[in-house]
Amino acid sequence: MNATLERWSTRRAFILAVTGAAVGLGNIWRFPYITGENGGAAFLVLYVAFVLLLGLPIMMAEILIGRAGRRSPVESLGHLAALAGASRHWRFLGLFGAFTVFCILSFYSVVSGWSIEFFVTAINGGFVGRDPAEIGAGFEAFLADPWRMVFNHTLFLFMTMTVVAAGVAKGLERLNNLLMPLLYLLLMLLAGYAATTDGFGTALAWLFRPDLAAITPMVVMHAMGHAFFTLAVGACALMAYGAYMPERQSLPHAAGAVALLDVGVALLAGIAIFSVVFSQGMDPGEGPGLMFVTLPIAFAELPWGALWLSTFFLLLLLATWTSSINLAEPMVATLQGRGLGRGRSATLVGVLVWLMGLLSALSFSTLSGWRPLFGMNAFDLVTTIPTEIFLPVGGLLIAVFSAWVMPRHEAQAALGVGESGFFLWRTVVRWVSIPLAALVLAAGLL
Ligand code: PHE
Ligand code: NA
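Residues numbered from 1 in each chain as written. Chains lettered and ligands numbered in written order. Predicted model: local features only at pLDDT ≥ 70, side-chain atom pairs only at ≥ 80, totals over all residues.

- In the annotation of an unreviewed UniProt entry, the chain is listed under the name Transporter and assigned to Billgrantia pellis.
- Its UniProt record gives the chain the following Sequence similarities (unreviewed entry) comment, quoted word for word: "Belongs to the sodium:neurotransmitter symporter (SNF) (TC 2.A.22) family."
- As its UniProt record puts it under Subcellular location (unreviewed entry), the chain is described as follows: "Membrane". (UniProt positions renumbered as here; feature names shortened; annotations may be inferred.)

Below is the structure:
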């Protein structure tokens, strides 16, 4: 193969892999319900600001560390720390990241399991002719059924760990990226349909006309956590991809493209979902069920609704599949680095995540009365604390490591930009991202 072509194909492969990790439940499920719970446009403004000021620069920092280290996250951090004459304890940042993704994957698998159930129901025409109230009640009944919740969680996690164990993530990514444009197309179709409903104007105003009085320290904290979550930044998961990044690829361009796409997908989903919310007179702050209730209602209004709806859930499933593989990979790689075989590492991780996931899966039934902390049940805790505290803390440390600890020369080479570009990036990380993340964390925690 011609050298230029080969380089082009690997550059593209890198962007596709990072996109696969980034686009997932965060965009289509989490973004709308968190925005709904936090006042709409005020939250959106903060979230976009955090993507630009924290998410994007720190995404570059994270990938850059992997690219400079050319090893697994734990080893890259240890190696680069040694080069800089800094403490070897920086390695623990890699382990902290593995713990963070462990917690995230436990609920990610449960919610992705909901897509399996919805896909099956949709393809069997289960939503045809149902009115909004029936659809809402059906979702409640599903949540309250411990067996179906555990079954779908088990199935999804099994799908994920099989791909990880077999080491065929690359193939799945290719399939994923072949089909993702179709998911975006479906979202556009939905947003187009939304424009014809009488909730559309209200939805746009709710999403884009901020009421600054709605901003509280908690809303700021939620927005920061979501920026990290949706870009898959802060858990050293993207660091692993950096190790395979081709020599001559501009990291800022790649990261910028992924962030743009990620925000775009979230906005489309938001427009579609909130138009339904307002035309049906529903509550935007309805919580984690928002997408699962509104989309069946919206598709039911369209010709061939059952077909579109089942296609949508199938594609969503594919999107979450690649994200969850990215969530599992750092843990499996860490165990493998300690001499355990790939199959065994994947099995061990799968079993542990499955057990942890049971807490989330049963939060709506058997364990609904169990509120160990802040009056929150297990599902609320595990969807909040790792995303809103662990990811920002991890991201903050990644930023400090890349901009203050790493030898300058290594960092610049890995970012793949000239003097002035590097200076700009490092200035933003040093004097904007790090203080901002520290400030929001402090304000939220104290
Ligand atoms: N970015 C993914 C999403 O939006 C979630 C994720 C978080 C994936 C952290 C990997 C690491 O769905
Ligand atoms: Na995302």
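What follows continues from the structure just given.
1. Considering the overall build of the chain
Part 1 of the reasoning: Helix and strand counts for the chain stand at 18 helices and 0 strands.
Part 2 of the reasoning: Relative to the compact-globule value of 22 Å for 446 residues, the chain shows a C-alpha radius of gyration of 21 Å, a close match.
Part 3 of the reasoning: Along the first, second and third principal axes, the C-alpha atoms of the chain reach 65 × 55 × 50 Å.
Part 4 of the reasoning: Sorting the 446 residues of the chain into buried and exposed places 51% on the buried side. (Helix = DSSP H or I, 4+ residues; strand = E, 2+ residues; numbered from the N terminus. Rg over C-alpha atoms; globule rule 2.2 N^0.38 Å. Buried ≥ 20, exposed ≤ 12 C-beta atoms within 10 Å, placed from the backbone.)

2. With respect to the packing of helix H14 (residues 305–337) against helix H15 (residues 342–361)
Part 1 of the reasoning: Viewed as axis vectors pointing N to C, H14 and H15 meet at an angle of 130°, and their least axial separation amounts to 9 Å. With respect to H15, the element H14 is oriented oblique. The two elements H14 and H15 meet at a crossing, and its hand is right-handed. Contact with H14, carried on its side by Ala 328, Met 331, Val 332, Leu 335 and Gln 336, involves Arg 342, Ser 345, Ala 346, Leu 348 and Val 349 of H15 and no other residues of that element.
Part 2 of the reasoning: For the contact of H14 with H15, the class distribution of residues is 7 nonpolar, 2 polar and 1 charged. (Axes fitted to C-alpha atoms, helices over the stretch in contact; angles between N-to-C directions. Parallel < 35°, antiparallel > 145°, perpendicular 65-115°, else oblique. Left-handed = near helix turned anticlockwise from the far one by under 90°. Contact = placed C-beta atoms within 7 Å. Nonpolar A, V, L, I, M, F, W, Y, C, P; charged D, E, K, R; others polar.)

3. Describing helix H12 (residues 251–279)
Part 1 of the reasoning: In a regular helix each residue adds 1.5 Å, so 29 residues correspond to 42 Å; H12 covers 42 Å between its end C-alpha atoms and thus fits that length.
Part 2 of the reasoning: Burial runs high along H12: 21 of the 29 residues are buried.
Part 3 of the reasoning: Looking one or two residues past H12, Gly 281 carries a phi angle of roughly 65°, positive in sign. (Expected span 1.5 Å × (residues − 1).)

4. Observations regarding unusual backbone geometry
Part 1 of the reasoning: For Ala 232, which is not glycine, the phi dihedral falls at a positive 65°.
Part 2 of the reasoning: Checked against the element boundaries, Ala 232 lands in the loop between helix H10 (217–231) and helix H11 (237–242).
Part 3 of the reasoning: Note on Ala 232: 29 C-beta atoms within 10 Å, which makes it buried.
Part 4 of the reasoning: Even without being glycine, Trp 304 reaches a positive phi, approximately 55°.

5. Concerning the site of ligand 1
Part 1 of the reasoning: Neighbouring ligand 1 are 16 residues, the closest being Gly 24, Leu 25, Gly 26, Ala 232 and Ala 237.
Part 2 of the reasoning: Of all elements in the fold, only helix H1 (3–22), helix H2 (25–37), helix H5 (91–123), H10 and H14 reach the threshold of two or more residues within the shell around ligand 1. (Near = placed C-beta within 6 Å.)

6. Overview of the packing of helix H7 (residues 146–166) against H14
A pair of packed helices can be characterised by two numbers: the angle between their axes and the separation between those axes.
Part 1 of the reasoning: H14 packs onto H7 with a crossing angle of 55° between their chain directions and a minimal axis gap of 9 Å. In terms of orientation, H7 and H14 fall into the oblique class. Crossing of H7 over H14 shows right-handed handedness. Across from Met 159, Thr 160, Met 161, Val 163 and Val 164 in H7, the residues of H14 making contact are Trp 321, Ser 324, Ile 325, Ala 328, Glu 329 and Val 332.

7. Re the environment of Leu 54
Part 1 of the reasoning: Along the polypeptide, Leu 54 turns up in helix H3 (residues 41–69).
Part 2 of the reasoning: Judged by C-beta crowding, with 28 C-beta atoms within 10 Å, Leu 54 ranks as buried.
Part 3 of the reasoning: In the structure, Leu 54 is positioned 374 residues away from Val 428 in sequence and 8.9 Å away in space, judged by C-alpha atoms.
Part 4 of the reasoning: Non-local contacts of Leu 54, meaning those with residues more than four positions away in its chain, are made with Met 224, Ala 227, Gly 395, Ser 433, Leu 436 and Ala 437.

8. Some points on the confidence of the model for the chain
Part 1 of the reasoning: In the predicted model, the chain carries a mean pLDDT of 91, and the fraction of residues at 70 or more is 98%.
Part 2 of the reasoning: The ipTM, which scores confidence in the relative placement of chains, is 0.99 for this predicted complex, and the corresponding pTM is 0.94. (pLDDT = per-residue confidence, 0-100.)

9. Quick word on the nonpolar core
Part 1 of the reasoning: Grouped together as the largest cluster of nonpolar side chains are 154 residues, with contacts concentrated most on Met 60, Ile 63, Leu 64, Met 224, Ala 237 and Leu 238.
Part 2 of the reasoning: Setting aside its immediate chain neighbours within four residues, Leu 238 contacts Val 18, Ala 21, Met 59, Glu 62, Ile 63, Ala 232 and Val 233. (Core = buried A, V, L, I, M, F, W, Y, C linked by C-beta atoms within 7 Å.)

10. Thoughts on the environment of Leu 179
Part 1 of the reasoning: Turning to its location among the elements, Leu 179 is positioned in helix H8 (residues 169–195).
Part 2 of the reasoning: Its 14 C-beta neighbours within 10 Å are what place Leu 179 among the partly exposed residues.
Part 3 of the reasoning: Taking the C-alpha atoms as reference points, Leu 179 and Ala 319, 140 residues apart in sequence, are found 9.2 Å from one another.
Part 4 of the reasoning: Those residues in contact with Leu 179, other than ones at most four positions away along the chain, are Leu 315 and Leu 318.

11. Considering the environment of Ala 223
Part 1 of the reasoning: Among the secondary structure elements, Ala 223 is positioned in helix H10.
Part 2 of the reasoning: A C-alpha to C-alpha distance of 12 Å links Ala 223 and Leu 441, two positions 218 residues apart in sequence.
Part 3 of the reasoning: The residues touching Ala 223, leaving out its near neighbours within four places in the chain, are Phe 43, Leu 46, Tyr 47 and Phe 50.

12. Overview of H10
Part 1 of the reasoning: For H10, built from 15 residues, the straight-helix expectation of 21 Å at 1.5 Å per residue is met to within 8% by its first-to-last C-alpha distance of 22 Å.
Part 2 of the reasoning: Counting buried positions along H10 gives 12 out of 15 residues, so the element sits mostly inside the fold.
Part 3 of the reasoning: Among the residues of H10, those classed as buried are Val 220, Met 221, His 222, Ala 223, Met 224, Gly 225, His 226, Ala 227, Phe 228, Phe 229, Thr 230 and Leu 231.
Part 4 of the reasoning: In the segment just after H10, Ala 232 is the residue with positive phi, at about 65°.

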